[in-house]
Amino acid sequence: MEAIGTVVSFALPSTKTQTFQILNRPINPFNLPSSRKPGPTFKTHRHHHQHFPSINAAISRTKKEETVDTVRKQLENCYLLAGINYKGFTVQQFQELRKTLPETTKLIVAKNTLVYKALEGTPWETLKPCMKGMNVWLFVHTEEIPTAIKPYRDFQKEKKLEDNDFTGAVFEGKFYGPDEFKKLETLPSRAEIYATLLGSLKSPASALVSTLQAPARELLMVLKAHVKNLEEQGASQ
């Protein structure tokens, strides 16, 4: 549809009447009347900010990944992994404890969720009952389990930290609760097992059979010691 303008005629005061015609602009039917006074209009520009992960979040994620990797590395050649309740430990006590431990053990502070992430899908996953509360983790890299545990027991008695006990441990894929730690602390040493085998060889057959029926770990240690002895004898000849 084509809009038609309106024509207004008026006369100027003169001796001669002159008529002027003013052609109004066509009215846009889609413009609604407004009560606002006409004035300059300004365009508002909206700034759209693109959100990126914060630097702090990236650093935090990196630290978590590093912790998981550290735990996995400690599991290599690890014979026992134990959790210790360290709630209430002072920084000084923790530093003193680390100094008392032998080189074959490693003490690591890490969140339960990160430790369990490193253990998932491995025989160490049976440590799951320990994944509560505040734990410090003891990694033992020697077969001499009682020798590795004793330093903490001595430290615990000296500092009177009865509440900071072992929360559990995994040894040969089996979980040991706090009430079963005595079994780990009284395991025979390599020398004791070797002596037992030698004694059995000089004793009646029934004693030898009893030794061979010992737990697989003890028998394995005996066999290793015997093989090593044979190798040393062969080298000396």
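Just so it is clear, the model here is predicted, and its values are computed rather than measured.

A. Spotlight on the pairing of strand E3 (residues 80–85). Among the six residues of E3, five are classified as buried, and the element is accordingly described as predominantly covered. Relative to strand E5 (residues 135–140), E3 runs antiparallel, the two sharing six bridges. Considered in E5, the bridge of Gly 83 is made with Trp 137. Examined bridge by bridge, E3 and strand E6 (residues 166–171) share five bridges and lie antiparallel to one another. Bridging across to E6, Leu 81 finds its partner in Val 170.

B. Focus on the pattern of salt bridges. Counted under the stated rule, the structure contains five salt bridges. Measuring nitrogen to oxygen at the nearest pair gives 2.9 Å for the salt bridge that ties Asp 154 to Lys 150. You can see Asp 154 and its partner Lys 150 sitting in helix H4 (residues 145–158), four residues apart, about one turn around the helix. Using a relative accessible area of 36% as the deciding quantity, one classes Asp 154 as partly exposed. In this structure, Arg 153 engages Asp 165 in a salt bridge whose closest nitrogen and oxygen atoms are separated by 2.7 Å. Linking Arg 153 in helix H4 with Asp 165 in the loop between H4 and E6, this pair joins segments that are twelve residues apart in sequence. Of the residues examined, Asp 165 reaches a relative accessible area of 25% and is grouped as partly exposed. Each of Arg 153, Asp 165 and Glu 185 takes part in a single network of salt bridges with overlapping partners.

C. Local environment of the pairing of E6. By the criterion of burial, E6 is predominantly enclosed, with five of the six residues buried. Relative to strand E7 (residues 174–176), E6 runs antiparallel, the two sharing three bridges. Residue pairing for E7: Val 170 is matched across the bridge by Phe 175. In textbook terms, the turn of a hairpin is the stretch between consecutive antiparallel strands, and for E6 and E7 this stretch comprises two residues, one of which, Glu 172, has a positive phi near 55°.

D. A positive patch on the surface, seen in detail. The grouping of Lys 64, Arg 72, Lys 111 and Lys 117 at the surface amounts to a positive patch. Along the polypeptide, Lys 111 turns up in the loop between strand E4 (105–109) and helix H3 (112–119). By relative accessible area, Lys 111 is classed as exposed at 58%.

E. Representation of unusual backbone geometry in the model. Positioned with a positive phi, Asn 77 is a non-glycine residue whose angle comes to about 60°. Positionally, Asn 77 belongs in the loop between helix H1 (55–74) and E3. Taking the relative accessible area as the measure of exposure, Asn 77 reaches 67% and is therefore exposed. Notably, Glu 172 is not glycine yet its phi reads approximately 55°, a positive angle. With respect to the helices, strands and loops of the structure, Glu 172 is situated in the loop between E6 and E7.

F. Here's a closer look at the nonpolar core. In terms of nonpolar packing, the biggest core is built from 25 residues, with Leu 80, Phe 89, Leu 138, Ile 145, Phe 166 and Leu 184 touching the most fellow members. Looking at this core, the elements that each hand over two or more residues are E3, helix H2 (91–100), E5, H4, E6 and helix H5 (181–185). Residue contributions to this core peak at five residues, all from H4. The residues contacting Ile 145, other than those within four sequence positions of it, are Tyr 79, Leu 80, Val 140, Phe 171, Leu 184 and Leu 187. Core analysis: the second largest hydrophobic core is formed by 19 residues, Val 68, Val 71, Leu 114 and Val 170 among them.

The rules behind these values
- Residues numbered from 1 in each chain as written.
- Predicted model: local features only at pLDDT ≥ 70, side-chain atom pairs only at ≥ 80, totals over all residues.
- Heavy atoms only, no water.
- Buried < 20%, exposed > 50% of the residue type's maximum accessible area, 1.4 Å probe, protein only.
- Helix = DSSP H or I, 4+ residues; strand = E, 2+ residues; numbered from the N terminus.
- Pairing = 2+ DSSP bridges.
- Salt bridge = Lys/Arg side-chain N within 4 Å of Asp/Glu carboxyl O.
- Patch = residues over 30% accessible without salt bridge, like charges linked within 9 Å, V, L, I, M, F, W, Y side chains within 5 Å.
- Areas by Shrake-Rupley, 256 points an atom, 1.4 Å probe, with all protein chains shown as cover.
- Lys, Arg positive; Asp, Glu negative; His and termini not counted.
- Charge placed at Lys NZ, Arg CZ, Asp CG, Glu CD.
- Core = buried A, V, L, I, M, F, W, Y, C linked by side-chain atoms within 4.5 Å.
- Contact = heavy atoms within 4.5 Å.

By themselves, these observations are geometric and do not establish any function.
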